[in-house]
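Structural overview
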Amino acid sequence: MGKGKQYPTDAEAKRLIVEIGRRMYQKNFVAANDGNISCKVDAETIWTTPTGVSKGFMSEDELVRMRLDGTILEQGERAPSSEVKMHLRIYQEREDAAAVCHAHPPVSTAFAIAGIALNQAIYPEALVNLGIVPCVHYEPPGSQGIPESIAPYVRDYNAVLLGNHGAVTWGTSLMEAWYRLEALEHYAKIVMYTRNIIGKANVLSHEQVDEVIRIREKMGITTGGVPAGADNPSNLIDMV
């Protein structure tokens, strides 16, 4: 994390975690008690969601404050989610990560269940905000295997699909992590429509991909990987 990094206050972080949880639930990204969220308030401390609570109906006094080494500093009646280990590993691997969102958006999760990465160069906005989204192999929910499975991808990418499980995104702020989760589900829907319903997509050419990557770099985003483009453009002719 760069020197002088501005973190949210405890009050700001708690308020935003509860708000993002509500958004997750309302958008059908989680059901029942699914999902978890965390946010740094300094270089070594996070607030995170508790186990066994619907993200649509959380209160701030239920959240858990803990160190990145796993030490719990403050909690209500419930312990942190068992999946907080995944969040801690992301913070360990990615110095600029300040927040993590994990949920089960239906279309993204369908790709995770099918074991299909989202890596098509078909949608510039997804290429800027996400890049490639790898799909890692299955590990039991809450196990140490999950943080181990995602660790090789955290430094170079902005999101991963968890095999037969769901999606996780991270960012330099909680809003960036949340917007990446929204963007991931939107991208997954577009891939589903073009691949499985329409049955056709114009893949960006190598030159078009390079142009989008330059735009991404100008925005200060240096991660996400570069999907393979087509040898020749197929999207330069108007269709009537």
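What counts, and where the lines are drawn
Residues numbered from 1 in each chain as written. Predicted model: local features only at pLDDT ≥ 70, side-chain atom pairs only at ≥ 80, totals over all residues. Heavy atoms only, no water. Axes fitted to C-alpha atoms, helices over the stretch in contact; angles between N-to-C directions. Helix = DSSP H or I, 4+ residues; strand = E, 2+ residues; numbered from the N terminus. Parallel < 35°, antiparallel > 145°, perpendicular 65-115°, else oblique. Left-handed = near helix turned anticlockwise from the far one by under 90°. Contact = heavy atoms within 4.5 Å. Nonpolar A, V, L, I, M, F, W, Y, C, P; charged D, E, K, R; others polar. Buried < 20%, exposed > 50% of the residue type's maximum accessible area, 1.4 Å probe, protein only. Pairing = 2+ DSSP bridges.

Looking at an unreviewed UniProt entry, one finds the protein chain named L-fuculose-phosphate aldolase and attributed to Selenomonas ruminantium.

Any two packed helices are characterised by the angle at which their axes cross and by the distance between the axes. At a minimum axis distance of 9 Å, the contact between helix α2 (residues 84-93) and helix α5 (residues 145-154) shows a crossing angle of 25°. In terms of axis orientation, α2 runs roughly parallel to α5. Of the two possible hands of crossing, α2 and α5 adopt the one that is right-handed. Two secondary-structure elements touch here, α2 through Lys 85, Met 86, Arg 89, Ile 90 and Glu 93 and α5 through Ile 146, Pro 147, Glu 148, Ile 150, Ala 151 and Val 154. Along the lines of polarity and charge, the residues of the contact of α2 with α5 split into seven nonpolar, no polar and four charged.

Okay, the environment of Gly 225 next. Structurally, Gly 225 is set in the segment after α7 (206-218). The exposure class of Gly 225 is partly exposed, given its relative accessible area of 22%. Those residues in contact with Gly 225 that lie beyond four places of it in its chain are Leu 127, Gly 131, Ile 132, Asp 156, Tyr 157, Ile 213 and Arg 216.

Moving on, we come to the sheet that holds strand β5 (residues 99-103). Read from one edge of the open sheet, eight strands run β4-β3-β2-β1-β5-β8-β7-β6, paired in mixed fashion. Since the sheet does not close on itself, it has two edges, and those belong to β4 (72-74) and β6 (135-136), each with one partner. Looking at chain direction, strand β1 (residues 36-42) and strand β2 (residues 45-48) are connected through four bridges and run antiparallel. Note on β2: the bridge partner recorded for Cys 39 is Trp 47. Running at roughly 165° to β1, helix α1 (residues 10-26) makes contact with β1, β2, β3 (64-67) and β5 of the sheet. Set on the sheet, helix α3 (residues 106-114) makes contact with β6, β7 (159-162) and β8 (166-171); between it and β7 the angle comes to about 65°.

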